[in-house]
Amino acid sequence: MQINTVPGEKERIQYQKNGFIHLSHIIKPDDLTTFKKDLRVLMDELEPERPPLEERDTYGRAFTQVTNLWQQSDVVRDFVFNEGLARIAAAIMGVDSVRLYHDQALFKEPGGGPTPWHVDQVYWPLDTNNTCTLWIPLQDVPLEMGALGFAAGTHTKQEGRDLLISDESETFYSDWVGNSGFSLSQDAFELGDISIHNGWTVHFAGSNRSAKPREVMTIIYMDAETRLLKKPSDTQLVDRDAFIPGVKPGGLADTHLNPILYPGK
Ligand SMILES: O=C(O)CCC(=O)C(=O)O
């Protein structure tokens, strides 16, 4: 998969100001359609058996989530380790070099519920603000299929930073964002578009009111110099054990699960 676009200064400044950016026509649609077929086969093997939608809680209705798929398949490994995508992450954050934190597939089935307003980094034991997620839809995502939406500028604020994804985070952030004058952005995605958001940006996704699954692959990067927080929370220690195993608080996040993806070797 050949990625030729590198965000410039204008995009970097926009990202730094808003905490997110939508980039159009980054990946060739054919590459994504081929990847989607392989990922679907893998997800069918790995997806946990799940109760019907109406019996799940809010988080469970939002999506099916499987992490670090790159360890399961060479096709996914090639996708996640793509240097062009990692170069976009480095350029938009304005850092020299990025590592993998982890990947995850997020599939929102037809009828799947909204993804509550939340911030990602509450889960991450990372002592840096230079983290970002590339959100890569594997088909067009019109608004009614559950496009991602962001509250611009919230990545610099401290409010609600202890709230995990839940009905509580939804209530808190929808009130706060609604009453504090942040501008909201929720755009449809064409196949080939991606968005990038900072780990502290407040965001959500709508429910999937279409008849098709909304299949999305995400790659989460961090500045290659990232260290673990000196005092991670219990929740963050769960992520540490899964994604940066064995590293002590304060240590460099550089296990075999966190290769430097840009610059490549
Ligand atoms: O895809 C979704 O529904 C939510 C994605 C999200 O919150 C994220 O990637 O941080």
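Residues numbered from 1 in each chain as written. Predicted model: local features only at pLDDT ≥ 70, side-chain atom pairs only at ≥ 80, totals over all residues. Heavy atoms only, no water.

**Student:** Looking at this model, I keep getting lost on the environment of P142. Mind explaining?
**Tutor:** Its place among the elements puts P142 in the loop between strand 5 (131-137) and strand 6 (148-151). By relative accessible area, P142 is classed as partly exposed at 29%. As for P142 and N82, which are separated by 60 residues in sequence, their C-alpha atoms are 26 Å apart. (Helix = DSSP H or I, 4+ residues; strand = E, 2+ residues; numbered from the N terminus. Buried < 20%, exposed > 50% of the residue type's maximum accessible area, 1.4 Å probe, protein only.)

**Student:** Can you help me understand the site of the ligand in this one?
**Tutor:** Near the ligand lie 13 residues; those nearest to it are T115, D120, W135, H203 and R214. One nitrogen or oxygen atom from the side chain of T115 is found 2.7 Å from an oxygen atom belonging to the ligand. R214 places a polar side-chain atom, nitrogen or oxygen, 2.8 Å from an oxygen atom of the ligand. Protein burial of the ligand: of its 290 Å² of free accessible surface, 97% is covered by the chains. In this structure the site holding the ligand corresponds to the largest pocket. For the shell around the ligand, the secondary-structure elements that each account for two or more residues are strand 3 (98-108), strand 4 (115-118), strand 5 and strand 9 (203-205). Considering only residue class, the shell around the ligand consists of five nonpolar, five polar and three charged. (Near = heavy atom within 4 Å. Polar contact = N/O pair within 3.5 Å; in protein donor to acceptor, adjacent residues only side chain to side chain. Areas by Shrake-Rupley, 256 points an atom, 1.4 Å probe, with all protein chains shown as cover. 1 Å grid on protein atoms, 1.4 Å probe; cavity = no way out; pocket = protein on both sides within 12 Å on 5 of 7 lines; lining within 4 Å. Sits in = over half its atoms within 2 Å of the grid points. Nonpolar A, V, L, I, M, F, W, Y, C, P; charged D, E, K, R; others polar.)

**Student:** Could you clarify how one ought to interpret the pattern of salt bridges in this entry?
**Tutor:** Think of it this way: side chains of opposite charge can pair up when their charged atoms draw near. Counted according to the given criterion, the structure contains six salt bridges. Notably, a salt bridge pairs K36 with E215, separated by 3.9 Å at the nearest N-O pair. Taken together, the positions of K36 in helix 2 (residues 29-46) and E215 in strand 10 (residues 214-223) put the pair 179 residues apart, joining distant regions of the chain. When its relative accessible area of 3% is taken as the criterion, E215 is described as buried. Overlapping salt bridges, with partners in common, bring together K36, R40, D44 and E215 in one network. (Salt bridge = Lys/Arg side-chain N within 4 Å of Asp/Glu carboxyl O.)

**Student:** Sorry if this is basic, but what is going on with unusual backbone geometry here?
**Tutor:** Leaving glycine aside, a negative phi is the common case for residues, and trans is the common case for peptide bonds. Geometrically, the link from Y262 to P263 is a cis peptide bond, its omega value of -5° lying close to zero. Topologically, P263 is positioned in the segment after strand 11 (260-262). Positive phi, close to 55°, is recorded for H25, a residue that is not glycine. Along the chain, the position of H25 falls in the loop between strand 1 (20-23) and helix 2. The exposure class assigned to H25 is exposed, which follows from its relative accessible area of 57%. Positive phi outside glycine occurs at N68, with the angle close to 45°.

**Student:** Hey, could you run me through the environment of D96 in this one?
**Tutor:** The residue D96 is located in the loop between helix 5 (83-93) and strand 3 in this model. Once the C-alpha coordinates of D96 and D44 are considered, the two residues, 52 residues apart in sequence, prove to be 37 Å apart. Aside from chain neighbours lying at most four places away, what touches D96 is Y262 and P263. (Contact = heavy atoms within 4.5 Å.)

**Student:** Is there a simple way to think about the layout of surface pockets in this case?
**Tutor:** If you roll a probe as big as a water molecule over the atoms, it shows you where there is empty space left. In this model, the largest pocket occupies a volume close to 440 Å³. Forming the boundary of the largest pocket are 26 residues, of which Y59, Q65, Q104, D120 and I165 lie nearest the centre. Listed by contribution, the elements that provide at least two residues to the lining of the largest pocket are strand 2 (64-67), strand 3, strand 4, strand 5, strand 9, strand 10 and helix 7 (234-243). The class makeup of the residues in the lining of the largest pocket is twelve nonpolar, eleven polar and three charged. (Points joined across faces, edges and corners; volume = space filled by probe spheres on them.)

**Student:** Sorry if this is basic, but what is going on with helix 6 (residues 167-179) here?
**Tutor:** For helix 6, built from 13 residues, the straight-helix expectation of 18 Å at 1.5 Å per residue is met to within 8% by its first-to-last C-alpha distance of 18 Å. Residues of helix 6 that are buried include every one of S169, Y173, W176 and V177, and no others. Looking straight down helix 6, one finds its buried side chains confined to an arc of 95°; they lie on one side. Within helix 6, the exposed residues directed more than 90 degrees away from the buried face are E168, G178 and N179. Contacts made by the buried residues of helix 6 are with strand 4, strand 6 and strand 7 (184-186). After helix 6 finishes, the residue G181 shows a positive phi value of roughly 75°. (Expected span 1.5 Å × (residues − 1). Arc of directions from axis to C-beta.)

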